[in-house]
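# Examination of the molecular architecture
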Amino acid sequence: MSLLNEITADLAALDTQRARRVRKIVASPQGSRVIVDGREMLHFGSNDYLGLANDPRLRAAAKRAIDRHGVGAGASHLVSGHFSPHAELEEALACFVGDFSERPRALLFSTGYMANLGVVTALLGRDDALFADKLNHACLNDAALLSRAQFIRYPHASVAALHERLTASRARRRLIATDAVFSMDGDIAPLPELLELALAHDAYLLVDDAHGFGVLGEGRGSVEHCLHCMRAASRSPAWERIIYMGTLGKAAGVAGAFVCAHETLIEWLVQKARTYIFTTASPPALAEALQESLAIIGGEAPRRERLLTNIARLRERLAAIVLPPSWRLLPSSSAIQPLVMGDNAATLAVSRALWERGIWVPAIRPPTVPAGSARLRITLSSAHDAADIDDLVAALAEVAAA
Ligand SMILES: *Cc1c(COP(=O)(O)O)cnc(C)c1O
């Protein structure tokens, strides 16, 4: 059979499993209302948690920067594409999140995916081991495979299981990698305990804070949140063991990612992280928009408070209505509120029924989540208001009763 015949059959199999993905086309800016496939929809499916993706101040900063620096960077960072806005943004990020470290430095990457690949492959090789939570984001898993290190997964959030695996390991270097806020479940990793394990087993801790940066720890992210808890409990913060990865396309509203860690580690990444070296630098205008975003994140607590109010309202209202016993709202305190239905077809049917009511909540299916755990991934933003939340809950109640 030819390649084309084979994959035609594989595509048909995806249809049978209700697993084929189709892309909806958005014709407006991101927001709580979007024009999609020609219709205005109330939207609960983006990671734009603070409503910054279409903020006028960010738009203005990007436009000014385009007039100053043009559109493209024209080369990779190590050749001739490292512009002043990139350098300024790295400084600002190191100051903003690097509180935990005495000599922090930050390095910009074009995406979070590339940052994870770059960090893991620059630090680990065949004699080393990566310890990973079972529910980590796909790109941390891909990073492990690419590095050729031993890839040791532990059950979700199980500190005891990780302790056992670390104790048994004879690897030269050990890196523990975890989502800080799990992208499809919304729960938060036990960072203080992971950090203590790292310290006890001469390991490092890579924290992927794609969903915590901008939101948790006064916007400084999950590590700040965790270190604050540890200081309050008089536990040693061990900051030099932390490699912090934050993404800039979610709460920060733009695109890209950064790694913040000890200056020596960052210098090594500049020399060795292949996803940093062998790619064109991101447009400098994005770095300028991100400086504006950082100022807003640092300066505007009400956005985060509005998000928290929305999260509390959704959970409260959902608890007050009758949902089918097969639907399970996961225990999440983050902006990610998963309503697990299990079956692909059932989840798609609910997503479609909401769509017919003018509400867009994407159905997330395997392989993005484990088999049998298809779900509506409801994401909230500070751009939603109370009436938006109530509309969603009323629609869910209707669909549940139908
Ligand atoms: C979105 C995401 C990434 C990838 O970040 P991008 O900048 O979108 O490439 C990495 N890790 C987690 C946990 C994510 O949710």
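These numbers were taken from a predicted model, which means no experiment stands behind them.

Within the chain, the secondary structure is distributed over 14 helices and 14 strands. Whereas a compact globule of 402 residues would reach a radius of gyration of roughly 21 Å, the chain reaches 21 Å, a difference of no more than 12%. For the chain, buried positions account for 52% of its 402 residues. Long-range contacts, defined as pairs at least 24 residues apart, comprise 70% of the intrachain contacts of the chain with a sequence gap of at least 6. Summed over its atoms, the accessible surface of the chain is roughly 17700 Å², and 54% of this surface lies on carbon and sulfur atoms. Here the chain contributes 42 positively and 43 negatively charged side chains, and the mean placements of these two sets differ by 4 Å.

If you look at the biggest cluster of nonpolar residues, it comprises 78 residues, and the most contacted ones within it are F213, F258 and L396. Per element, the largest residue contribution to this core is seven residues, and it comes from helix α14 (residues 386-401). Composition of this core by domain shows at least three residues from each of domain 1 (17-46 + 301-401) and domain 2 (56-299). Once residues within four sequence positions are removed from consideration, F258 is found in contact with L93, V97, A106, L107, L108, F109, F213, Y244, M245, G246 and L248.

It is at 10 Å that the axes of helix α12 (residues 301-319) and α14 come closest, and there the two elements cross at 25°. The orientation of α12 relative to α14 falls into the category roughly parallel. Every pair of crossing elements has a handedness; the one defined by α12 and α14 is right-handed. Here α12 contributes N310, R313, L314, R317 and L318 to the contact with α14, which in turn contributes A386, I389, D390, L392, V393 and L396. Residue classes in the contact of α12 with α14 are distributed as seven nonpolar, one polar and three charged.

Following the sequence through the fold, A257 ends up in strand β9 (residues 257-262). A residue is classified by how much of its surface remains accessible, and A257, at 0% relative accessible area, is buried. Taking C-alpha positions, A257 is 22 Å from S382, a pair spaced 125 residues apart along the chain. Beyond its immediate sequence surroundings of up to four residues, A257 is in contact with L107, L108, F109, S110, T111, G112, A115, M245, G246, T247 and L248.

Here we take up the packing of aromatic side chains. This structure, assessed with the given rule, holds five aromatic pairs. Summarising the aromatic geometry, the rings of F109 and Y276 are spaced 5.6 Å apart at their centres and angled 65° between planes, so their arrangement reads as edge-to-face. A residue pair is termed long-range when its members are at least 10 positions apart, and F109 in strand β3 (residues 104-109) and Y276 in helix α10 (residues 274-277) qualify at 167 residues. On the basis of relative accessibility, which here comes to 4%, the residue Y276 falls in the buried class. Plain terms: the ring middles of Y244 and F258 are 5.9 Å apart, the flat faces sit at 45° to each other, and that makes the pair tilted. Pair noted here: Y244 is in strand β8 (residues 242-247) and F258 is in strand β9, with a separation of 14 residues, a long-range link.

On to the sheet that holds strand β2 (residues 39-43). Read across the sheet, three strands follow the order β1-β2-β12 without closing on themselves; strand pairing throughout is mixed. At either margin of the open sheet sits one strand with a lone partner, and together these are β1 (33-36) and β12 (359-360). Where β1 lies against β2, four bridges are found, and the strand directions are antiparallel. For R33, the partnering residue across the bridge sits in β2 and is L42.

Time to look at the domain arrangement of the chain. One frequent convention defines the size of an interface as the accessible area lost when the parts assemble. The domain boundaries assigned to the chain delineate domain 1 (17-46 + 301-401) and domain 2 (56-299). Computed from C-alpha coordinates alone, the two centres of domain 1 and domain 2 are separated by 27 Å. With 17 residues of domain 1 at the contact, the number on the domain 2 side is 18 residues. Interface area, domain 1 with domain 2, both sides summed: about 1100 Å², of which 56% is carbon and sulfur. Looking at the side of domain 1 facing domain 2, the largest losses of area belong to R304, I336 and R377, adding up to 42% of the total buried there. For the pair domain 1 and domain 2, the interface holds one salt bridge. D185 is paired through a salt bridge with R375; the nearest N and O atoms lie 2.9 Å apart. Across the domain 1-domain 2 interface, the total number found is eight residue pairs in polar contact (both at pLDDT 80 or more).

The next point concerns the sheet that holds β9. Backbone-to-backbone hydrogen bonds pair the strands of a sheet. The strands run either parallel or antiparallel. Pairing within the open sheet is mixed, and its seven strands lie in the order β3-β9-β8-β7-β6-β4-β5. Strand pairing shows two members of the sheet lacking a second neighbour, β3 and β5 (150-154), which therefore form its edges. Neighbour to neighbour, the strand axes of the sheet diverge by 20° on average, direction disregarded. Strand direction decides the pairing type here: strand β4 (residues 129-133) and β5, joined by five bridges, are parallel. Each residue of the ladder has a partner; that of L130, found in β5, is F151. Against the sheet, helix α4 (residues 112-123) engages β3, β4, β6 (174-179), β7 (204-208), β8 and β9, with an angle of about 160° to β8. Packed on one face of the sheet, helix α5 (residues 138-147) meets β4, β5, β6 and β7 and runs near 150° to β5.

A few words now on the site of the ligand. As a matter of local geometry, the ligand sits amid 13 residues, with G112, Y113, D208, H211 and K250 nearest to it. Separating an oxygen atom of the ligand from a side-chain N or O atom of H211 is a distance of 2.6 Å. Its residues placed into classes, the shell around the ligand shows three nonpolar, seven polar and three charged.

Parameters at a glance
- Residues numbered from 1 in each chain as written.
- Predicted model: local features only at pLDDT ≥ 70, side-chain atom pairs only at ≥ 80, totals over all residues.
- Heavy atoms only, no water.
- Helix = DSSP H or I, 4+ residues; strand = E, 2+ residues; numbered from the N terminus.
- Rg over C-alpha atoms; globule rule 2.2 N^0.38 Å.
- Buried < 20%, exposed > 50% of the residue type's maximum accessible area, 1.4 Å probe, protein only.
- Contact = heavy atoms within 4.5 Å.
- Areas by Shrake-Rupley, 256 points an atom, 1.4 Å probe, with all protein chains shown as cover.
- Lys, Arg positive; Asp, Glu negative; His and termini not counted.
- Charge placed at Lys NZ, Arg CZ, Asp CG, Glu CD.
- Core = buried A, V, L, I, M, F, W, Y, C linked by side-chain atoms within 4.5 Å.
- Domains from an automatic or database assignment.
- Axes fitted to C-alpha atoms, helices over the stretch in contact; angles between N-to-C directions.
- Parallel < 35°, antiparallel > 145°, perpendicular 65-115°, else oblique.
- Left-handed = near helix turned anticlockwise from the far one by under 90°.
- Nonpolar A, V, L, I, M, F, W, Y, C, P; charged D, E, K, R; others polar.
- Phe/Tyr/Trp six-rings, centres within 6.5 Å; stacked < 30°, edge-to-face > 60°.
- Pairing = 2+ DSSP bridges.
- Buried area = accessible area lost by both parts, 1.4 Å probe.
- Salt bridge = Lys/Arg side-chain N within 4 Å of Asp/Glu carboxyl O.
- Polar contact = N/O pair within 3.5 Å; in protein donor to acceptor, adjacent residues only side chain to side chain.
- Near = heavy atom within 4 Å.

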